[in-house]
Amino acid sequence: MKENESTKKRMMFIKSEDYNFLTYNIFIILNGLDCVEGKSSLKDHRKISFLIDFISNGKLIDIIEKHLKNPNSKINEVDRELLSQSFTDSLLRIRTINQLVFTLTNEEFIIITEKKLDKLSICLNKQRVKKEFLKGEIFKIERNNINRLKSILKRISVLDITTMLAKLYYNNGIPDEQFIS
(Lines give C-alpha, C1' and ligand atoms only; values in the text may rest on other atoms or scores of the structure.)
Protein backbone atom coordinates (compact mmCIF):
# COMPACT_ATOMS: atom_id res chain seq x y z
CA MET A 1 0.00 0.00 0.00
CA LYS A 2 2.79 2.42 0.87
CA GLU A 3 4.37 1.78 -2.52
CA ASN A 4 1.14 2.82 -4.29
CA GLU A 5 0.90 6.03 -2.29
CA SER A 6 4.56 6.76 -2.92
CA THR A 7 4.14 6.24 -6.66
CA LYS A 8 1.10 8.53 -6.77
CA LYS A 9 2.92 11.20 -4.77
CA ARG A 10 5.83 11.13 -7.21
CA MET A 11 3.33 11.66 -10.02
CA MET A 12 1.85 14.73 -8.32
CA PHE A 13 3.24 18.21 -7.90
CA ILE A 14 0.43 20.70 -7.37
CA LYS A 15 -2.71 18.58 -7.40
CA SER A 16 -4.97 21.19 -8.91
CA GLU A 17 -2.56 21.79 -11.79
CA ASP A 18 -0.94 18.38 -12.18
CA TYR A 19 -2.08 17.01 -15.52
CA ASN A 20 -1.13 13.44 -14.56
CA PHE A 21 -3.22 13.63 -11.40
CA LEU A 22 -6.15 15.16 -13.26
CA THR A 23 -5.89 12.73 -16.19
CA TYR A 24 -5.88 9.56 -14.13
CA ASN A 25 -8.78 10.87 -12.08
CA ILE A 26 -10.76 11.68 -15.24
CA PHE A 27 -10.18 8.13 -16.47
CA ILE A 28 -11.19 6.66 -13.11
CA ILE A 29 -14.32 8.82 -12.89
CA LEU A 30 -15.49 8.02 -16.41
CA ASN A 31 -14.75 4.32 -16.04
CA GLY A 32 -16.24 4.15 -12.52
CA LEU A 33 -19.45 5.82 -13.69
CA ASP A 34 -19.53 3.46 -16.69
CA CYS A 35 -19.29 6.43 -19.04
CA VAL A 36 -17.47 4.51 -21.71
CA GLU A 37 -17.81 4.35 -25.46
CA GLY A 38 -20.82 2.34 -26.48
CA LYS A 39 -22.55 2.56 -23.09
CA SER A 40 -23.27 6.02 -21.72
CA SER A 41 -21.79 9.49 -21.37
CA LEU A 42 -21.10 11.89 -18.55
CA LYS A 43 -23.49 14.79 -19.07
CA ASP A 44 -21.59 18.05 -18.56
CA HIS A 45 -17.86 17.51 -18.30
CA ARG A 46 -17.53 20.36 -15.77
CA LYS A 47 -18.79 17.97 -13.08
CA ILE A 48 -15.42 16.22 -13.26
CA SER A 49 -13.73 19.20 -11.61
CA PHE A 50 -15.88 18.69 -8.50
CA LEU A 51 -15.86 14.90 -8.52
CA ILE A 52 -12.05 14.78 -8.49
CA ASP A 53 -11.88 16.06 -4.92
CA PHE A 54 -14.39 13.47 -3.76
CA ILE A 55 -12.64 10.50 -5.30
CA SER A 56 -9.22 11.63 -4.14
CA ASN A 57 -10.37 12.45 -0.59
CA GLY A 58 -12.72 9.95 1.06
CA LYS A 59 -13.22 12.38 3.97
CA LEU A 60 -15.46 14.48 1.71
CA ILE A 61 -17.62 11.43 1.02
CA ASP A 62 -17.74 10.73 4.77
CA ILE A 63 -19.10 14.25 5.35
CA ILE A 64 -21.84 13.88 2.73
CA GLU A 65 -22.73 10.38 3.92
CA LYS A 66 -22.93 11.48 7.56
CA HIS A 67 -25.18 14.41 6.67
CA LEU A 68 -27.47 12.25 4.51
CA LYS A 69 -27.92 9.81 7.40
CA ASN A 70 -28.85 12.67 9.72
CA PRO A 71 -30.08 15.60 7.58
CA ASN A 72 -31.21 17.64 10.59
CA SER A 73 -27.72 17.73 12.06
CA LYS A 74 -25.46 20.69 11.50
CA ILE A 75 -22.16 20.13 9.74
CA ASN A 76 -19.30 21.05 12.03
CA GLU A 77 -17.01 23.93 11.14
CA VAL A 78 -14.03 21.72 10.19
CA ASP A 79 -16.14 19.68 7.76
CA ARG A 80 -17.77 22.81 6.34
CA GLU A 81 -14.32 24.32 5.76
CA LEU A 82 -13.16 21.14 4.00
CA LEU A 83 -16.22 21.23 1.73
CA SER A 84 -15.77 24.93 1.10
CA GLN A 85 -12.11 24.47 0.16
CA SER A 86 -13.06 21.62 -2.16
CA PHE A 87 -15.70 23.80 -3.82
CA THR A 88 -13.30 26.70 -4.31
CA ASP A 89 -10.52 24.45 -5.64
CA SER A 90 -12.97 22.80 -8.02
CA LEU A 91 -14.16 26.13 -9.39
CA LEU A 92 -10.57 27.16 -10.02
CA ARG A 93 -9.87 23.84 -11.75
CA ILE A 94 -12.70 24.03 -14.33
CA ARG A 95 -10.66 25.83 -16.96
CA THR A 96 -7.83 23.33 -16.62
CA ILE A 97 -10.32 20.47 -16.93
CA ASN A 98 -11.73 22.06 -20.10
CA GLN A 99 -8.27 22.23 -21.64
CA LEU A 100 -7.44 18.71 -20.56
CA VAL A 101 -10.69 17.27 -21.94
CA PHE A 102 -9.93 18.76 -25.35
CA THR A 103 -6.35 17.48 -25.21
CA LEU A 104 -7.52 13.99 -24.26
CA THR A 105 -10.13 14.17 -27.04
CA ASN A 106 -7.42 15.05 -29.56
CA GLU A 107 -5.41 12.08 -28.30
CA GLU A 108 -8.56 9.91 -28.62
CA PHE A 109 -8.69 8.94 -24.94
CA ILE A 110 -12.03 10.74 -24.55
CA ILE A 111 -14.92 10.97 -27.00
CA ILE A 112 -17.25 13.96 -27.06
CA THR A 113 -20.74 12.60 -27.65
CA GLU A 114 -22.65 15.88 -27.45
CA LYS A 115 -21.88 19.60 -27.37
CA LYS A 116 -24.25 22.16 -25.84
CA LEU A 117 -22.73 25.60 -25.40
CA ASP A 118 -19.99 25.10 -22.79
CA LYS A 119 -21.32 21.72 -21.64
CA LEU A 120 -19.88 18.59 -23.20
CA SER A 121 -21.11 15.05 -22.82
CA ILE A 122 -18.07 12.78 -22.80
CA CYS A 123 -17.11 9.15 -22.47
CA LEU A 124 -13.90 7.21 -22.09
CA ASN A 125 -12.43 5.41 -25.08
CA LYS A 126 -11.42 2.28 -23.13
CA GLN A 127 -9.55 0.90 -26.12
CA ARG A 128 -6.94 3.63 -25.66
CA VAL A 129 -6.46 3.04 -21.92
CA LYS A 130 -4.63 -0.04 -20.72
CA LYS A 131 -6.84 -2.44 -18.78
CA GLU A 132 -4.13 -2.73 -16.10
CA PHE A 133 -4.34 1.01 -15.56
CA LEU A 134 -8.07 0.94 -14.83
CA LYS A 135 -7.96 -2.26 -12.77
CA GLY A 136 -4.55 -1.98 -11.09
CA GLU A 137 -3.93 -1.71 -7.36
CA ILE A 138 -2.43 1.78 -7.55
CA PHE A 139 -5.84 3.47 -7.96
CA LYS A 140 -7.85 1.14 -5.74
CA ILE A 141 -8.67 3.92 -3.25
CA GLU A 142 -10.01 6.21 -5.98
CA ARG A 143 -12.07 3.37 -7.50
CA ASN A 144 -13.52 2.58 -4.08
CA ASN A 145 -14.33 6.26 -3.54
CA ILE A 146 -16.13 6.62 -6.88
CA ASN A 147 -18.15 3.51 -6.02
CA ARG A 148 -19.02 4.95 -2.60
CA LEU A 149 -20.04 8.24 -4.17
CA LYS A 150 -22.20 6.44 -6.77
CA SER A 151 -24.03 4.61 -3.99
CA ILE A 152 -24.75 7.90 -2.20
CA LEU A 153 -25.47 10.12 -5.19
CA LYS A 154 -27.55 8.15 -7.67
CA ARG A 155 -27.28 8.84 -11.40
CA ILE A 156 -24.29 11.20 -11.09
CA SER A 157 -23.49 10.89 -14.76
CA VAL A 158 -26.85 12.31 -15.88
CA LEU A 159 -27.57 14.81 -13.09
CA ASP A 160 -27.30 18.39 -14.20
CA ILE A 161 -24.42 20.21 -12.56
CA THR A 162 -26.65 22.43 -10.41
CA THR A 163 -28.41 19.42 -8.88
CA MET A 164 -25.11 17.65 -8.28
CA LEU A 165 -23.61 20.72 -6.62
CA ALA A 166 -26.71 21.11 -4.46
CA LYS A 167 -26.40 17.54 -3.21
CA LEU A 168 -22.64 17.75 -2.62
CA TYR A 169 -22.22 21.33 -1.42
CA TYR A 170 -25.25 23.64 -1.18
CA ASN A 171 -27.36 21.28 0.95
CA ASN A 172 -24.34 20.99 3.23
CA GLY A 173 -23.94 24.67 4.00
CA ILE A 174 -21.76 25.88 1.13
CA PRO A 175 -23.31 29.01 -0.45
CA ASP A 176 -24.53 28.48 -4.00
CA GLU A 177 -24.10 31.98 -5.35
CA GLN A 178 -20.49 31.17 -6.23
CA PHE A 179 -21.33 29.01 -9.26
CA ILE A 180 -23.17 30.07 -12.37
CA SER A 181 -24.46 27.15 -14.44
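For the structure, see preceding data.
Counting starts from 1 at the beginning of each chain's written sequence and moves along it residue by residue. Predicted model: local features are reported for residues with pLDDT of at least 70 only, side-chain atom pairs are reported and counted for 80 or more only, and whole-chain, interface and lining totals are derived from all residues. Based on all heavy atoms of the structure, the side-chain values leave hydrogens and waters out of the count.

A.B. asks: I keep staring at the sheet that holds strand β3 (residues 119–124) and nothing clicks. Help me out?
C.D. replies: The strands that make up a sheet pair up through hydrogen bonds in the backbone, lying either parallel or antiparallel. Only when DSSP finds a minimum of two bridges between them are two strands counted as paired. The helix count covers DSSP runs of H or I at least four residues long, the strand count covers runs of E at least two residues long, and both are numbered beginning at the N terminus. The strand order across the open sheet formed by three strands is β1-β3-β2, and the pairing between neighbours is antiparallel. Strands with a single pairing partner mark the edges of an open sheet, and in this sheet they are β1 (42–43) and β2 (110–116). Two elements, β2 and β3, share six bridges in a ladder whose sense is antiparallel. Counterpart to isoleucine 111 in the pairing with β3 is cysteine 123. Sitting on the sheet, helix α2 (residues 19–32) touches β1, β2 and β3, and the angle it makes with β3 is about 80 degrees. Residue contacts follow a heavy-atom distance rule, with two residues in contact if any of their heavy atoms lie within 4.5 Å. Structural elements are reduced to axes, namely lines fitted to C-alpha atoms, with helices fitted over the stretch in contact, and the angle between N-to-C directions of any two is expressed from 0 to 180 degrees. Across the sheet, helix α5 (residues 77–106) is in contact with β2 and β3; its angle to β2 comes to roughly 125 degrees.

A.B. asks: Help me understand the nonpolar core in this model?
C.D. replies: Among buried residues, those of type Ala, Val, Leu, Ile, Met, Phe, Trp, Tyr and Cys that are joined through side-chain atoms within 4.5 Å constitute a nonpolar core. Using a 1.4 Å probe on the protein chains alone, a residue whose accessible area is under 20% of its type maximum counts as buried, one over 50% counts as exposed, and one in between counts as partly exposed. Counting residues in hydrophobic clusters, the biggest one holds 53 residues, and the most contacted among them are Ile26, Phe54, Leu83, Met164, Leu168 and Tyr169. Sorting the residues of this core by element identifies α2, α3 (47–56), α4 (58–69), α5, β3, α7 (140–152) and α8 (161–168) as the ones contributing at least two each. With eight residues, the single largest contributor to this core is α2. Those residues in contact with phenylalanine 54, other than ones at most four positions away along the chain, are Leu60, Ile61, Ile64, Leu83, Ser86, Asn145, Leu149, Leu168 and Tyr169.

A.B. asks: Could you clarify how one ought to interpret the packing of α3 against α5 in this entry?
C.D. replies: In helix packing, the relevant descriptors are the interaxial angle and the interaxial distance, both defined with respect to the helix axes. Close contact between α3 and α5 brings their axes to 8 Å; oriented N to C, the two are set at 135 degrees. In terms of orientation, α3 and α5 fall into the oblique class. Seen from above, α3 lies across α5 with right-handed handedness. Within the contact between the two elements, α3 uses Ile48, Ser49, Phe50, Ile52, Asp53 and Phe54 and α5 uses Leu83, Ser86, Phe87, Asp89, Ser90, Leu91, Arg93, Ile94 and Ile97. Of the residues in the contact of α3 with α5, the class split is nine nonpolar, three polar and three charged. Each angle is binned into one of four classes, with values under 35 degrees roughly parallel, values over 145 roughly antiparallel, values of 65 to 115 roughly perpendicular, and all other values oblique. Should the near helix be turned counterclockwise from the far one by less than a right angle, the crossing is left-handed, whereas a clockwise turn marks it as right-handed. Note on residue classes: Ala, Val, Leu, Ile, Met, Phe, Trp, Tyr, Cys and Pro are nonpolar, Asp, Glu, Lys and Arg are charged, and everything else, Gly too, is polar.

Spatial relationships are all this shows, so hold off on functional conclusions.
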